Amino acid sequence: MPENSLEATRRRIAERILEDERLYSNLEDHEAKVLTEWAMAQLDAPIAAKGKAAETALEERGRRVRQALRDINDLVGERGRLSAEEREARLRTILSRGNATTAAWSGSAEWEEARRLLRDWDHLSNLELIHRLLDLVTRTWRETRRATQGNPKRSSGTQGCLMAILVVFLLLTLGIAGFYALTQIAGKAIRGLPAEPTPTVAAGETPAASSWYRVYFTSPKYPDDPRDHRGGLDERLVEFLKRAQQSIDVAIYDLDLSNVADTLIAAKNQGVTVRIVTDTDNLKTQAIVRLQRAGITVIDDKREAIMHNKFAVVDGLAVWTGSWNFTENDTYRYNNNAIEIDSPELARNYRTKFEQMFRDKEFGPGRPTTRTTRFTIGGITVENYFSPEDKIASRIATRLSQAQQSIYFMAFSFTDDDIGQVVLDRARAGVTVQGVFETTGSETRFSEYTAMRGAKLDVRQDGNPFLMHHKVFIVDGRTVIFGSYNFSRNADEDNDENLLIVDDPALAEQFLTEFRRVYLRASTEGQ
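Residues numbered from 1 in each chain as written. Predicted model: local features only at pLDDT ≥ 70, side-chain atom pairs only at ≥ 80, totals over all residues. Heavy atoms only, no water.

(A) Fine view of the environment of G430. Structurally, G430 can be placed in the loop between α15 (417-428) and β11 (432-437). With 24 residues separating them in the primary sequence, G430 and S406 have C-alpha atoms 8.9 Å apart. (Helix = DSSP H or I, 4+ residues; strand = E, 2+ residues; numbered from the N terminus.)

Structure (structure tokens):
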């Protein structure tokens, strides 16, 4: 049954929240889960308006919810580095996002609770801080709506409904807190062990087809220790960028790595043309600000949808792409993949799309479709698509529908019903299906996890306490589908994304090795 327009709007907003890793980048899964459940409850709350006005109101609510999640995530990440004055200023900012200044409610019960929170600050766990912040945000938004509407005498039925929602939410989140406290204790012995290293391309064992590519996977260790943050994909990317003699074009959703910024600035100072495209929401990261101050031009998308690409092109000859953002968390906390490919033909595709964003300021729908989508590189067939112009979801669905033996997948956000249905159909036809979902967001009603579990498919929530950020399908042990593209309608219709489909058993085997590692950890910790 087709979704009505309001429900379609709700799904689009929910997907945007679920697939935006920057909203959860400083949180462990059990902390992020509390945020996603609160966000979904906010989106499902009644809206008084009707028709288009209801959609507009829901869009505005979605923006405020997304901003609240970002504020809370950032605050948790920086809480130990903030002075008392900075804490209060940040808290006032968070609580004033409801279209009213804090002056409108200073002295209220909400502000007194905020002051108690500030006094308790150093004694709270991250989870307790998140609960307290969400409670304050909810109460402040409610009081702001009352003041804005000028109707303090709302009906007792409406008040009762709101209070009931709040009470149920608090009970649920407190229950979740207790449950995860127990699971954290139970899992300490396992989490103390480092993840088994995943091989990339080993010297002397390089298959012939890999003469034109090098594939990498992150190897996060648990518990996370900053002293282990070395030798990762950031260093491989620096080596890749240092090859540049003429130009470096980078389209990156998020960048905070100082060594990558140093390399780009050094290249610019040596006469290399360096150009950057990024998402507006991440325009103010320290690394991006440094690049701009060094005279490097940075273009942002200025849209609600996200510029979600993660690629770099060097001298128009080689491409770096994958699921990996150029951040410390993506490098040392999350599960990610990256590949560098030597191919002037493929690089031309990526530069064409880069020019559309950088020079023509064309983001999202409306760009011309990709003219050349199929290449032969080193005797291997490679397909290359960009979203939203190339209708990637249908490309993925077509490839999955052709599976005869197996489909393995790792999905950070998987909410596309059409792709999910193809996976279910192939499983019913006897194809082996195994999958790992990122835990955060997987239990919401928009995720394909519930439907696949209901159909008794072998799908699991990941065991990384942070994010499992892959977006990968491996089909019949020979085809790999991967890139920046989450399996969502937003990725297909609104976001800027890129995808590769590579028919190479050697590459598929390397991704299968990574899948087995992620799957095994999910089997021991994610259930």
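There's more to say after this.
(B) Structural context of the nonpolar core. The biggest cluster of nonpolar side chains holds 43 residues, and the ones touching the most others in it are V277, F482, L500, L507 and F511. Element by element, the count of residues in this core is highest for helix α18 (residues 505-525), at eight residues. In this structure, L507 is in contact with Y213, V215, I339, V480, F482 and V502, ignoring residues within four places of it in sequence. Ranked by size, the runner-up nonpolar core spans 42 residues in total, among them I17, L75, V76 and L127. (Core = buried A, V, L, I, M, F, W, Y, C linked by side-chain atoms within 4.5 Å. Buried < 20%, exposed > 50% of the residue type's maximum accessible area, 1.4 Å probe, protein only. Contact = heavy atoms within 4.5 Å.)

(C) Seen up close, the sheet that holds strand β5 (residues 310-314). Ordered in space as β1-β7-β6-β5-β2-β3-β4, the seven strands form an open sheet in which the pairing is mixed. Of all the strands in the sheet, just β1 (213-217) and β4 (297-300) have a single pairing partner and so form its edges. Neighbouring strand axes in the sheet, compared pairwise and without regard to direction, differ in orientation by 10° on average. In this sheet, strand β7 (residues 337-342) lies alongside β1 in antiparallel orientation, the contact comprising five bridges. The residue of β7 that forms the bridge with Y216 is A338. With respect to the sheet, helix α10 (residues 258-269) is in contact with β2 (247-252) and β3 (273-278), its orientation differing from that of β3 by roughly 140°. Sheet strands in contact with helix α13 (residues 344-358) are β2, β3, β4, β5, β6 (318-322) and β7, and its direction is about 65° off that of β3. (Pairing = 2+ DSSP bridges. Axes fitted to C-alpha atoms, helices over the stretch in contact; angles between N-to-C directions.)

(D) Here's a closer look at the pairing of β2. Burial analysis of β2 places six of its six residues in the buried class, the great majority of the element. Across the two faces of β2 the burial is the same, with S247, D249 and A251 and I248, V250 and I252 all buried. Read from β2 through α10 to β3, the crossover connection turns out right-handed. (Right-handed = clockwise from strand over helix to strand, strands pointing away.)

(E) Focus on the packing of helix α1 (residues 5-18) against helix α2 (residues 29-44). Two elements in contact, α1 and α2, have axes separated by 11 Å at closest approach and are oriented at 165°. Judged by the angle between their axes, α1 and α2 are roughly antiparallel. When the axes of α1 and α2 are compared, the crossing they make is right-handed. Contacts between α1 and α2 involve R10, I13, A14, I17 and L18 from the former and T36, A39, M40, L43 and D44 from the latter. (Parallel < 35°, antiparallel > 145°, perpendicular 65-115°, else oblique. Left-handed = near helix turned anticlockwise from the far one by under 90°.)

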